[in-house]
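Descriptive analysis of the structure
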Amino acid sequence: MLRSAASTESPKRPVITVIAKRSHGSGNLSTADRIGQYLIAAGYEVVNVDACAPPAHAPGCAGAEAEIARHRSDMGCAVGLHAYHAGRWLAERKAGTYVLIFGGTDVYSDDYRQESRLLFMAETVRKAAVLVAFTAHMRDTAATLFDVSPDRIHVIPQAVRRVAPDPTFFLARLPVWATGAHPPDHLFLLPAGLRPVKDVLFLAETFEDWHHRDPGVGLLILGDDVDVDYATFVRKSIALSSAVWWHPAVPQPALFQAFTQCRAVVNTSVSEGQCGAVLEAMSFGVPILARSNSGNNAMLQHDVNALLFETTSDFLSLAERVCSNSDLRSRLGSAARNTVTTIHSVEAEAPLYTKVITDAIGGVEGGKAQ
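The numbers attached to residues start from 1 for each chain and follow its sequence in the written order. Residue-level local features of this predicted model are given only where pLDDT is at least 70; pairs of side-chain atoms are given and counted only at 80 or more, and the full residue set underlies all totals for whole chains, interfaces and linings. To obtain the side-chain values, all non-hydrogen atoms of the structure were included, while hydrogens and water were left out.

**Details of the environment of Thr232**
Inclusion rule: Secondary structure elements follow DSSP: runs of H or I of four or more residues count as helices, runs of E of two or more count as strands, with numbering from the N terminus. Throughout, exposure labels follow a simple rule: accessible area from a 1.4 Å probe, protein chains only, divided by the maximum for the residue type, with under 20% read as buried, over 50% as exposed, and the rest as partly exposed.
With respect to the helices and strands, Thr232 occurs in helix 8 (residues 228-237). For Thr232, a relative accessible area of 33% puts it in the partly exposed group. Along the chain, Thr232 and Leu194 lie 38 residues apart, while their C-alpha atoms are 9.1 Å from each other.

Shown next as C-alpha cells:
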C-alpha cells in the first residue's frame, strides 16, 4: 500500500518513509495515514510501509522496498510509529534521520519490559532525531523509562479526522443476533482489535449477569484479529453468550454510524496510549466508559467528559447510571465533543507534525530539500 504525491510547482523535496503497523482498523494505521496526508499536502512524497510485514513482501504494501530503493538518494527522513515495531524496521535498514512516535505499548505495556526489548527500544529512542508522545504523562514516563530528557520529546495530541457516517449501516442488520431478534435497547459498543492488551472479555461476565436481570442490555465487540490465539479464545468464550457478541471491524463510515446507534462506547484496555476509537466516539458526543489506566486517565476526566472505572462492579454502577439518566448522557457527550474540538483537531495536529518533520530534515528549504 503506497501513497506518494509531490507538488509539481514547488522545489523538489525529500521523500519521507512512514513506518507503522498497518493492520486494518488499528490506531497506528489511522495515525500514519493522517501524518502521510499532512506531508503530502506540504509537498513531500510519501512511501508507506508496514512495520510488521516481511521486508520485501509486505501484504498491502507490495513494492514498498523497491520504491524505497528507487528513492534512496532522495530519502530525507523516516517517521516511525512504535519504538519496538518501527524500530526493528529502522534497525534492519540502518536508517539515517528519523522521527519516532511512541505508542502506548512502548511506554505502558508490561509485554515490552523484557530486558532485551527495553535495551533495543532505548537504542532506537537514543538515535531518533525527534521524539513525539501523545500526552505529557506519556512524555514523562518515556523520558524516565528510556533515560532521555523530556525536553527532547514533543507532545502532540492525537487528532480525529472525521468522515461522513454511512447512513445505510445499521447495527440491527449485523448477522450476530438470534433469528428474529434485535440489538438490545442499551447496547454498549467496544471497538478494539482482538489482542490481549485490549482485554475485551474484562466485562463479559458482568454483562451476562446484568443481562439476566435486564435483557435490554448487551455488549458488542467490533474488531479484527490481531493476536490469532487470543482472538480464537475470545470467540470461544462468548460463543454461547446471550449478552456479548463479536463482529469483525467495519469500515470507518460504518463505525461512525454505529456510534450513533449505541448507548455508550466502552474501552477495557489494560494500557493505552491515546485511543483513537475513543476519541472518534467522543467527537460524536457518545458517552464513554473507559477502564482506568495511565493513557485513559491522561486523556479523560472522570464525570466530566467520560466515566472511568477500575473494577467490574465500578463499571456496572456507572453503566446503570448511563442507561437511566439522559441528562448525564447529554452532559458527558457534550463535554466529550468539546474536548475533541479544542484539543484533538486535525487543524492543530497537522502543522505540529509538519514542523517537527521538516525540522528533522533541516527545514523546508534546507538540506536535500533544496
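**Things to note about the packing of aromatic side chains**
Working definition: an aromatic ring pair is given by the centre-to-centre distance plus the angle between the planes. The criterion, for reference: Two rings from Phe, Tyr or Trp (for Trp, the six-membered ring) form a pair when their centres are within 6.5 Å of each other. A pair whose planes differ by under 30 degrees is stacked, one over 60 is edge-to-face, and the rest are tilted. Two thresholds decide whether a charge sits over a ring: the Lys NZ or Arg CZ must be within 6 Å of the ring centre and within 35 degrees of the ring normal.
Within this structure, the stated rule accounts for 13 aromatic pairs. When the ring of Trp177 is compared with that of Trp245, the centres are 4.8 Å apart and the planes differ by 70°; the resulting orientation is edge-to-face. Taken as a pair, Trp177 in the loop between strand 6 (153-155) and strand 7 (186-191) and Trp245 in strand 9 (residues 244-247) lie far apart in primary sequence, 68 residues in all. Each member of the pair, Trp177 as well as Trp245, is classed as buried. With a centroid separation of 6.4 Å and an interplanar angle of 15°, the aromatic rings of Phe202 and Phe309 are classed as stacked. Of the two residues, Phe202 sits in the loop between strand 7 and helix 7 (204-213) while Phe309 sits in strand 12 (residues 307-309), which places them 107 residues apart along the sequence. Each member of the pair, Phe202 as well as Phe309, is classed as buried. Every member of this aromatic cluster is reached through a ring pair, and the members are Phe188, Phe202, Phe207, Trp210, Phe309 and Phe315. Seen from the ring of Tyr84, Arg117 lies directly overhead, with NZ or CZ sitting 4.3 Å from the centre. Against the face of Trp246 rests Arg235, its NZ or CZ located 4.6 Å from the ring centre.

**Focus: the pattern of salt bridges**
The condition is simple: Here, a salt bridge means any Lys or Arg side-chain nitrogen found within 4 Å of an Asp or Glu carboxyl oxygen.
Applying the stated rule across the entire model yields 12 salt bridges. Between Glu272 and Lys198 there is a salt bridge whose closest N-O contact spans 2.8 Å. In this pair, Glu272 is assigned in the loop between strand 10 (264-267) and helix 10 (276-283) and Lys198 in the loop between strand 7 and helix 7, connecting sequence segments 74 residues apart. Comparing Glu272 with Lys198, the two get one shared label, buried. It is possible to trace a salt-bridge network through shared partners that takes in Glu123, Arg126 and Lys127.

**Some words on the packing of helix 10 against helix 13 (residues 326-343)**
In plain terms, the rule: Here an angle of 0 to 180 degrees is reported between the N-to-C directions of two axes, which are lines fitted to C-alpha atoms, with helices fitted over the stretch in contact. Roughly parallel covers angles under 35 degrees, roughly antiparallel covers those over 145, roughly perpendicular covers 65 to 115, and oblique covers all other angles. For a crossing to be left-handed, the near helix must be turned anticlockwise from the far one by less than a right angle; the clockwise case is right-handed. Any two residues having at least one pair of non-hydrogen atoms within 4.5 Å are treated as being in contact. Think of it as three bins: nonpolar holds Ala, Val, Leu, Ile, Met, Phe, Trp, Tyr, Cys and Pro, charged holds Asp, Glu, Lys and Arg, and polar takes everything else, Gly as well.
Between helix 10 and helix 13, the least distance of the axes is 7 Å, while the angle of their chain directions is 115°. As judged from the angle between their axes, helix 10 and helix 13 are roughly perpendicular. In this structure, the crossing between helix 10 and helix 13 has a hand that is left-handed. Taken together, the residues of helix 13 that come into contact with helix 10 (itself represented by Leu279, Met282 and Ser283) are Gly333, Ala336, Arg337, Thr339 and Val340. Here the residues of the contact of helix 10 with helix 13 sort into 4 nonpolar, 3 polar and 1 charged.

**Side note on the sheet that holds strand 12**
Defined as follows: Pairing between strands requires that DSSP locate at least two bridges from one strand to the other.
Strand order across the open sheet formed by 6 strands is 9-8-7-10-11-12, with parallel pairing between neighbours. Looking at which strands have only one partner, the edges of the open sheet turn out to be strand 9 and strand 12. Taken over all neighbouring pairs, the strand axes of this sheet differ in orientation by 25° on average, direction set aside. One ladder, built from 6 bridges, connects strand 7 with strand 8 (residues 217-222); its direction is parallel. Following the sheet pairing, Leu189 is matched in strand 8 by Leu220.

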